[in-house]
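Read off the chains here:
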Amino acid sequence: MKLPNNFLVIGMAIGFVLGVVSGVYTPGLAEGAAVIGTLFLNALKMVVLPLIIIAVINSILRIGNLSVFGRLGLRTFLYYVATTCLSVGLGIVIAIVFEPGSGVEATLGSIPDSIQDTEKITIFDMLLSLIPGNIFQAAAEFKVLPLIIVSIIFGSAFMIVSKGKGVLPELFEQLEQAVMLVVNWVILFTPIGIFAIVGEKIASAGGDFVSILLGIGKYISVLLGSLGVHALFVLPLLLFLITRRNPFSYMNKVKEALLMAFTTASSAATLPLTRKNVVENTGAKKETADFVLPLGATVNMDGTALYEGVAVVFICQAYGITLGLSAYVTIFVTAILAGVGAAAIPQAGLVTMVVVLKSVGAPIEGIGLLLSVDWLMDRFRTVVNVWGDTVGVAIIGKLNRN
Ligand code: ASP
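Residues numbered from 1 in each chain as written. Predicted model: local features only at pLDDT ≥ 70, side-chain atom pairs only at ≥ 80, totals over all residues. Heavy atoms only, no water.

Before going further, it helps to spend a moment on a nonpolar patch on the surface. Together, Phe7, Val35, Ile36, Leu181, Trp185, Leu188, Phe189 and Ile192 make up an exposed nonpolar region whose accessible area comes to about 740 Å². Of all the secondary-structure elements, those providing two or more residues to the nonpolar patch are α3 (34-63) and α9 (167-187). Of note, Leu181 is situated in helix α9. (Patch = residues over 30% accessible without salt bridge, like charges linked within 9 Å, V, L, I, M, F, W, Y side chains within 5 Å. Areas by Shrake-Rupley, 256 points an atom, 1.4 Å probe, with all protein chains shown as cover. Salt bridge = Lys/Arg side-chain N within 4 Å of Asp/Glu carboxyl O. Helix = DSSP H or I, 4+ residues; strand = E, 2+ residues; numbered from the N terminus.)

A complete count under the given rule lists 8 aromatic pairs for this structure. Three or more aromatic residues joined by ring pairs form one cluster here, namely Phe16, Phe262 and Phe380. Taking NZ or CZ as reference, Arg244 lies 5.0 Å from the ring centre of Phe240, over its face. It is Arg381 that lies over the ring of Tyr307; its NZ or CZ is 3.8 Å from the centre. (Phe/Tyr/Trp six-rings, centres within 6.5 Å; stacked < 30°, edge-to-face > 60°. Lys NZ or Arg CZ within 6 Å of the ring centre and 35° of its normal.)

Bringing the site of the ligand into the picture now. The ligand sits among 15 residues. The nearest are Ser267, Thr304, Gly349, Asp378 and Arg381. Between the ligand and Gly349 there is a distance of 2.8 Å, counted from an oxygen atom to a backbone nitrogen or oxygen. For the shell around the ligand, the secondary-structure elements that each account for two or more residues are α19 (348-359) and α20 (368-401). Element by element, the count of residues in the shell around the ligand is highest for α20, at 4 residues. The class makeup of the residues in the shell around the ligand is 6 nonpolar, 7 polar and 2 charged. (Near = heavy atom within 4 Å. Polar contact = N/O pair within 3.5 Å; in protein donor to acceptor, adjacent residues only side chain to side chain. Nonpolar A, V, L, I, M, F, W, Y, C, P; charged D, E, K, R; others polar.)

For the rest of this paragraph, the subject is the environment of Ile242. Tracing the sequence through the fold places Ile242 in helix α12 (residues 217-243). The spacing of Ile242 and Leu399 is 157 residues in sequence and 8.0 Å in space, taken between C-alpha atoms. Apart from the residues lying within four places of it in its own chain, the contact partners of Ile242 are Ile395, Lys398 and Leu399. (Contact = heavy atoms within 4.5 Å.)

Looking now at the state of the cysteines. Counting across every chain of the model gives 0 disulfides. Summary of cysteine pairing: Cys85 is not part of a disulfide, and the nearest cysteine sulfur, belonging to Cys316, is at 20 Å. (Disulfide = S-S within 2.5 Å.)

Here we take up the pattern of salt bridges. One side chain can pair with another of opposite charge once the charged atoms of both are near each other. Under the counting rule described, the total for this entry stands at 9 salt bridges. For Arg275, the salt bridge identified is with Asp290, shortest N-O distance 2.8 Å. With Arg275 in helix α15 (residues 267-281) and Asp290 in helix α16 (residues 286-299), this pair connects stretches of sequence that are 15 residues apart. For the pair shown, Arg275 and Asp290 are each scored as buried. The salt bridge partner of Asp378 is Arg381, with a shortest N-O separation of 3.4 Å. Of this pair, Asp378 and Arg381 both sit in helix α20, separated by 3 residues, roughly a single helical turn. Both residues of the pair, Asp378 and Arg381, count as buried. A single salt-bridge network, built from bridges that share partners, covers Arg62, Glu173, Glu176, Arg275 and Asp290. (Buried < 20%, exposed > 50% of the residue type's maximum accessible area, 1.4 Å probe, protein only.)

Moving on, we get to the packing of helix α10 (residues 190-205) against helix α14 (residues 255-264). Contact pair α10 / α14: the axes reach a minimum separation of 10 Å and the direction vectors enclose 30°. Comparing their axes, α14 and α10 come out roughly parallel. Note that α10 runs across α14; the crossing there is left-handed. For the pair α10 and α14, the contacting residues are Thr190, Ile194, Ile197 and Val198 in the first and Met260, Thr263 and Thr264 in the second. A class-by-class count of the residues in the contact of α10 with α14 yields 4 nonpolar, 3 polar and no charged. (Axes fitted to C-alpha atoms, helices over the stretch in contact; angles between N-to-C directions. Parallel < 35°, antiparallel > 145°, perpendicular 65-115°, else oblique. Left-handed = near helix turned anticlockwise from the far one by under 90°.)

Here Gln347 is to be found in the loop between α18 (325-341) and α19. Through-space distance from the C-alpha of Gln347 to that of Ala265 is 7.7 Å; in sequence the pair is 82 residues apart. Aside from chain neighbours lying at most four places away, what touches Gln347 is Asp374, Trp375, Asp378 and Arg381.

Written out as C-alpha cells, the structure is:
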C-alpha cells in the first residue's frame, strides 16, 4: 500500500503541532488523550518482534549463501564500529574543549530505582544474555538482541536445509509481506499517535522546565552540537564519499522515520517505518535492509554512545573529577559498549550510563543532573541512532555490490 506523496509527513507535522498546542493550552485534554498514544506505541511494539525475526531470517534466505551472508555481516559490523567510534570520539573531544560541566553546581539528587538496579549488572551478564535459554521469555521481556542472534542461527539453518527452494523461502516471503501489511495499517494512525504522545509529554513537562533547561544550557548545547556535527557532517560525508549519493536528498527519503524517532524516542518502535522508508524510497535491496536495520536498531546507536561520552565527561567536570588520558580512553570504550547494550526504547541510555560512570569512579548520583532534560535529549539521540542505521543500509549495500 503506497500512501500519497508526503501524506504521512504532513499528517505527522500536523499531529506534532496540535500535540504541542494541546499540551500547552489544554493540558487536561492532552493528558486524557495519553491513552491513544499508549495504544499506538503498543501497536508498533506488537509488530516489531515478528518483523525483526521474520526480516532477519528472510534476509538470510534471500542471500542464499553463507559466505556472502558472512561478508554482509562483517561489513555491517565494521560500519557500526567505525561510526560509533567516530561519534563517541567526537563527543568526548567537544566536551573536553567546551567544558560544559565547569561551574555547574553538583547536587546529590535521588536517582530512579531502575538505575539503582543497574549498578549490579556487569558486562559479563550482558554477554550471558546474548543466547537466551528460553526464546519466549526473551520475547516477553522484549530482549531484541538475543532474538536477532537466534534468528541468525535459525535463518542459516533454514537456508542450508531449503537450498533456496521449497516451502521455507516461500513461507517467509509471505510472512514478511503480511507483517508489512500490518505495519502499513498501524502507520496510518501515526498522526493521531504523535498528537497524543507529544501532547502528553508537553503537558507533564511542567512550567519550570524552561528554567531547568537554562540551568544546564551549556551541557545541552554541547550535546546537541556534537549530535548535529555527527548527523549533519560526519555521516553525510561518509555517505557521499562511499556511495556518491546526495546525503540530504537521502535524508529527505527517510524523513518520516526520523520524525517518528523524535516523537517515540525509540529506535525499536520506529523500525517498521524505517524499514518501509528505506525499502520503498531509497532503492535499497531488501536483503541488506532486512539485516542491517533490525540489528542496527538494537546495537548501532551513534547518538546514544555519543551522549554517554558527553554526559559522563560533563558529570566528572561538574564534580571536579580530573580525568587523565587513560580515563578518557576508558570512557571512550565503555561508552561504545553502553550504546550497544542500551535497549532501543526510551531513555535506555540513561540506565546503561551507570556502567560508564562506574568505570571511571564517578558518582552515579551525577545522573540526577541530567534527569530532568533526558526525555528531550533522548529524542535527539534516537533520531541520530535511526539516521545512522539508514545511512548504514546505503553504505553497506554499496560495498556489497562492489
Ligand atoms: N531511546 C534510544 C533509542 O531507542 C536509546 C537511548 O539512548 O536511550 O534509540
